[in-house]
Structures are given as C-alpha cells and as structure tokens.
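The chain contents come next:
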Amino acid sequence: MWFDSHCHPSADAFDDDRASVLERAFASGVAGLLAIGAGWGVAHNPRTLALAESDPRVFAAVGVHPHDAAEADAEARALVERWLGHPRVVALGECGLDYHYMRSAREVQRDALAWQLALARERGLPVSLHVRGEKPDAFAEVLDLWRALGGGSLEGVLHCYTGTLEFAKRALDAGLLVSFSGILTFKRDGGLREIARALPLDRLLVETDAPLLAPEGFRGRRNEPARVADVGRVLAQVRGEPIEEVAAATSRNARRLFRIAEPATA
Ligand SMILES: [Zn+2]
Ligand SMILES: [Zn+2]
C-alpha cells in the first residue's frame, strides 16, 4: 500500500473525472494521500478542504505556494490561518522558495515563507516544502530560515526533491524528510537515483505532484495519484530493496510525519 505524500487532486485538471481518478488510485494500492491546497492561488485552498471532507483517505494541506507569495497580504494570511484549523488539515503547504521561475520577487517569497514557518511552529503542523533554483541558492536560504525559525521543533519534507546529495544530508540533519516524485523515473534524472540510493529509507517519502510530473512513459500527460507506485517501483529498484518494503516504509514515514493513524486492516 502506498501513500502519495504530495498531490493536487482538487486542481482543475481533474474537474471532469475526479471521483474516478481517486478510485483508480485507491484500487491500485494507494491507501492515503495528502492533497495540497496551495499552487493555484490562495483562493484554491478551500477546494482541497472540501475534497478532504468527502473521503477519509484524502488529507489536506493548506498554504501559499512561492509562486503565489505576492498574494499573501494581511487578508489572505488571515484566511490561511483560519483554514489551517480545519479538522482535515494535517500539514501546512506547500510553501518555500522558487528562484527557478521567480514568479514572485525574492524578498516577497522569503517573507511569505517566514510567516508560514512561524505559523507551522505555532500550530505544531508539519510543512511540505517546495524548493527550486540555484542562483540565488533557494536550498541554502530555505535551510537557513528553517533553522532560524524552527528552533529545532519544526517537522517537514522537501517535496519533489531535485537538489544535491550533500544538501539532502544537511536537510536530514535539520530534521527534514526527502520526497521523490516522477522525476526519479526519468531517463535523465539529474543524479537523483544516486541520491535515492544513498539516503536512509526511514527518511524517504514518495509522491506524484499530480497533475504535474507524470513518470517516464507518461511524460507530457496528466499525472494522477495512482502513479505513485511507478515512483515507488523505481525507488525500490535503485535501492535493491523489495517493493513491499519500500511501500510500507514510505507509507509509515508519511503517516508518522503527518500524524495519520494506520488504516484499519480488514
Ligand atoms: Zn511544488
Ligand atoms: Zn505541488
């Protein structure tokens, strides 16, 4: 059984067939998933909450994506703070820094992230972090803010990891987990397989980031949570570990991070 630790099933891309997409995921061994409310504007978050209300296997994260950081004015922040109190919310996110696309100014992104990290700490919520861009170094800046604002008590995951092995080790030292997406399955994976092999299994998660990042063989098409198994299969292959073990460990890691009880076994 898999846990898709980061996907966007409330996105418009699923408006025509959302129920069957979720059914396909559950039928193919996805026992639970974290639906991320951030990524399509701050106002999208309540759609994710509504979806999580509709199915006990769908959990919600609420937050402001770095692309949307410029939207995070006082009014938006008050809304996010209210939405975080929803009973289906298990995490804050995704938030972070994206200097690759730089859709919001750097200082604006940093300010929105600092606000959200402080909020996560105050609420005792784990964080789903989005980090992209090397010039300036988004990874180093996220880790600096994480240490400065977390005070050693924040928990979270670097979603869709694309950084270096050296940085992944520093992130693990700071208490973070690392999540692999469909990029791990790409023929040109940018060295990710080597990183996936080197890190301890008890700190790894798998995700689809659906509708984005469809795995090899489906690239350019809409991704969906059922394909988290494709990511997990490659993770098991590169580590030389049984797929059942990788599925169980990554699911256990996700449930521990997001404080979600194991599903009742039939
Ligand atoms: Zn992201
Ligand atoms: Zn995402």
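Up top you'll find the structure we're talking about.
Quick summary incoming for the structure in this document. All values derive from a computational prediction rather than experimental measurement.

### Some words on the pairing of strand S4 (residues 89–98)
Put simply, side chains in a regular strand alternate between the two faces of the sheet.
And step 1. Where burial is concerned, most of S4 is hidden: 10 out of the 10 residues are buried.
And step 2. Examined bridge by bridge, strand S3 (residues 58–62) and S4 share three bridges and lie parallel to one another. From the neighbouring strand, Ala61 faces S4, where its bridge partner is Ala91.
And step 3. Pairing of S4 with strand S5 (residues 127–132), which is carried by six bridges, proceeds in the parallel orientation. Counterpart to Gly96 in the pairing with S5 is His130.
And step 4. What joins S4 to S5 is helix H4 (residues 106–123), and the crossover it makes is right-handed.

### Considering the packing of aromatic side chains
A ring pair, where both rings are aromatic, is described by two values, the distance of the centres and the angle of the planes.
And step 1. On inspection of all chains with the given rule, the structure shows four aromatic pairs.
And step 2. Among the aromatic residues, those joined into a ring-pair cluster are Phe3, Phe59 and Phe258.
And step 3. Taking the ring centre of Phe26 as reference, the NZ or CZ of Arg57 above it sits at 3.7 Å.
And step 4. Sitting above the plane of the Tyr101 ring, Arg103 keeps its charged end 4.9 Å from the centroid.

### Remarks on helix H1 (residues 18–27)
Because each turn of an α-helix spans 3.6 residues, side chains separated by three or four positions in sequence point in the same direction.
And step 1. Taken together, the buried positions of H1 are occupied by Arg18, Val21, Leu22, Ala25 and Phe26. All buried residues of H1 project into a common sector of 135 degrees when viewed along the axis, lining one side. In H1, the exposed positions angled more than 90 degrees off the buried face are occupied by Ala19 and Ala27.
And step 2. Lining the buried residues of H1 we find strand S2 (30–36), helix H2 (45–54) and S3.
And step 3. Where H1 ends, the next residue or the one after it, Gly29, has phi of about 100 degrees, a positive value.

Basis of the calculations
- Residues numbered from 1 in each chain as written.
- Chains lettered and ligands numbered in written order.
- Predicted model: local features only at pLDDT ≥ 70, side-chain atom pairs only at ≥ 80, totals over all residues.
- Heavy atoms only, no water.
- Buried < 20%, exposed > 50% of the residue type's maximum accessible area, 1.4 Å probe, protein only.
- Helix = DSSP H or I, 4+ residues; strand = E, 2+ residues; numbered from the N terminus.
- Pairing = 2+ DSSP bridges.
- Right-handed = clockwise from strand over helix to strand, strands pointing away.
- Phe/Tyr/Trp six-rings, centres within 6.5 Å; stacked < 30°, edge-to-face > 60°.
- Lys NZ or Arg CZ within 6 Å of the ring centre and 35° of its normal.
- Arc of directions from axis to C-beta.
- Contact = heavy atoms within 4.5 Å.

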